Amino acid sequence: MANTNLVKEKYKLDIIKYRYLFLGITAVLLIPCIIAIIYLMSTQKNHAPLKLGIDFTGGTILQYAVDKKIATSEIGSIRAALVEKNVKNPVIQTTTQGDNNLISIRTTFLGDKESKDKANEITQVLNKDFGNFELVQVNSVGPTLGKELLRNTLIALILSFILMVVYISFRFRFEYGWIALLTLFQDAIFVVGIFAIKGIFFNTTIDSLFITAILTVIGYSINDTIVVFDRIRENMRFLAKKYSSNEIINASINQTLARSINTSATTLFTLLALYFFGGATIKDFVLAIIIGVISGTCSSIFTAGTILSIVKEKMAKKNA
């Protein structure tokens, strides 16, 4: 049952009063993300908004354990040495996993026989000039499989967006549905934009785990937004005659504020533990979810309700 003394309570945040400030901050944070996405789309041959890993482009990754830490200055020398041995377009990344130093070398797709011969050749080059390298893993994905996976991924993302908007429009109203879609786009752009920036400056590529992270973020974000919308709808039903829509929306957001923050905080504690103490192979996956959880919490508090208040005001003026 809605609280009949809604606006008499003292709430922590006056969201509606500073709604344009919050929306402005959101826009400022989105700008570098959008610029990075546009830059990659305009400079990459496949026009992708991110640097795609071998899961989507096809290729072979050889991962080595190294007896020392590879300096950044050595990466260029390693790449030059591999190019001399006809290794096509090698992409080199260094990581650490506990006390172990790892280096990954990504190249074009190699068949089974070719992969074994080329791996031996690369290992000889590395051991000769750069230290003690031990091959620990070889992963290959064919170009055809990569393209099919990329197509299926895009279909899954589009369907998830459409079904969520249909559900929210049916459960609430149409304006709630497209506002929820807008907040989902915001959260997705934050995650994609930050990884686009990482791709530009650190040559970070994405794999199928990244898509899993995006779908997880979308589900988390829409869940938080629905909680806020449900409280707004309940209060609107009982208190619309007594209070303005802005007062109801502001109070509803504050009523769900503690729940949103507590849920996000407990989730982040687990994710941070995974990020700092988990394996190097899941760091980007966990980082994507961390960014998405923070963005999803902020969008449900500062974006969804504020845009709804603006829409309600315009609808009231139009009806008047």
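About the thresholds
Residues numbered from 1 in each chain as written. Predicted model: local features only at pLDDT ≥ 70, side-chain atom pairs only at ≥ 80, totals over all residues. Heavy atoms only, no water. 1 Å grid on protein atoms, 1.4 Å probe; cavity = no way out; pocket = protein on both sides within 12 Å on 5 of 7 lines; lining within 4 Å. Points joined across faces, edges and corners; volume = space filled by probe spheres on them. Helix = DSSP H or I, 4+ residues; strand = E, 2+ residues; numbered from the N terminus. Salt bridge = Lys/Arg side-chain N within 4 Å of Asp/Glu carboxyl O. Buried < 20%, exposed > 50% of the residue type's maximum accessible area, 1.4 Å probe, protein only. Contact = heavy atoms within 4.5 Å. Axes fitted to C-alpha atoms, helices over the stretch in contact; angles between N-to-C directions. Parallel < 35°, antiparallel > 145°, perpendicular 65-115°, else oblique. Left-handed = near helix turned anticlockwise from the far one by under 90°. Nonpolar A, V, L, I, M, F, W, Y, C, P; charged D, E, K, R; others polar. Core = buried A, V, L, I, M, F, W, Y, C linked by side-chain atoms within 4.5 Å.

1. Let's talk about the layout of surface pockets
At step 1: Space inside the second largest pocket adds up to approximately 720 Å³.
At step 2: Lining of the second largest pocket is provided by 24 residues; of these, Pro49, Leu50, Leu154, Leu157 and Val192 occupy positions nearest its centre.
At step 3: Where the lining of the second largest pocket is concerned, the elements lending two or more residues are helix H1 (19–43), helix H2 (54–57), helix H5 (143–171), helix H6 (174–202) and helix H7 (208–239).
At step 4: Ranked by the residues each element gives to the lining of the second largest pocket, the list is headed by H5, at seven residues.

2. Looking at the pattern of salt bridges
At step 1: On inspection of all chains with the given rule, the structure shows five salt bridges.
At step 2: In this structure, Asp284 engages Lys198 in a salt bridge whose closest nitrogen and oxygen atoms are separated by 3.0 Å. Within this pair, whereas Asp284 is found in helix H9 (residues 283–319), its partner Lys198 is found in helix H6, the two being separated by 86 residues in sequence.
At step 3: For Asp284, a relative accessible area of 31% corresponds to the partly exposed category.
At step 4: Here Asp224 makes a salt bridge to Arg259, at a shortest N to O gap of 2.8 Å. Taken as a pair, Asp224 in helix H7 and Arg259 in helix H8 (residues 245–277) lie far apart in primary sequence, 35 residues in all.
At step 5: Judged by relative accessible area, Asp224 falls into the buried class, the value being 2%.

3. Some remarks on the side chain of Asn246
At step 1: Within the secondary structure, Asn246 sits in helix H8.
At step 2: If we skip the residues at most four places from it in the chain, Asn246 touches Ile16, Arg19, Ser309 and Glu313.

4. Looking at unusual backbone geometry
At step 1: For His47, which is not glycine, the phi dihedral falls at a positive 60 degrees.
At step 2: Tracing the backbone through its elements, the reader meets His47 in the loop between H1 and H2.
At step 3: Positive phi, close to 60 degrees, is recorded for Asn203, a residue that is not glycine.
At step 4: Along the polypeptide, Asn203 turns up in the loop between H6 and H7.

5. Observations concerning the packing of H1 against H6
At step 1: Two elements in contact, H1 and H6, have axes whose closest approach is 8 Å; the angle formed by their N-to-C orientations is 55 degrees. In terms of orientation, H1 lies oblique with respect to H6. Both H1 and H6 take part in a crossing whose hand is left-handed. In contact with Thr26, Leu29, Leu30, Pro32, Cys33, Ile34, Ala36, Ile37, Tyr39 and Leu40 of H1, H6 contributes Gln186, Ile189, Phe190, Val192, Gly193, Ile194, Ala196, Ile197 and Ile200.
At step 2: Tallied by class, residues from the contact of H1 with H6 come to 16 nonpolar, three polar and no charged.

6. Concerning the nonpolar core
At step 1: One finds Val191, Phe195, Phe210, Phe229 and Ile232 to be the most contacted residues of the largest nonpolar core, which totals 58 residues.
At step 2: For this core, the elements supplying multiple residues, two or more each, are H1, H5, H6, H7, H8 and H9.
At step 3: The greatest single-element share of this core, amounting to 14 residues, is contributed by H7.
At step 4: Apart from the residues within four sequence positions on either side, Phe229 is in contact with Phe172, Tyr176, Ile179, Ala180, Ala304 and Leu308.

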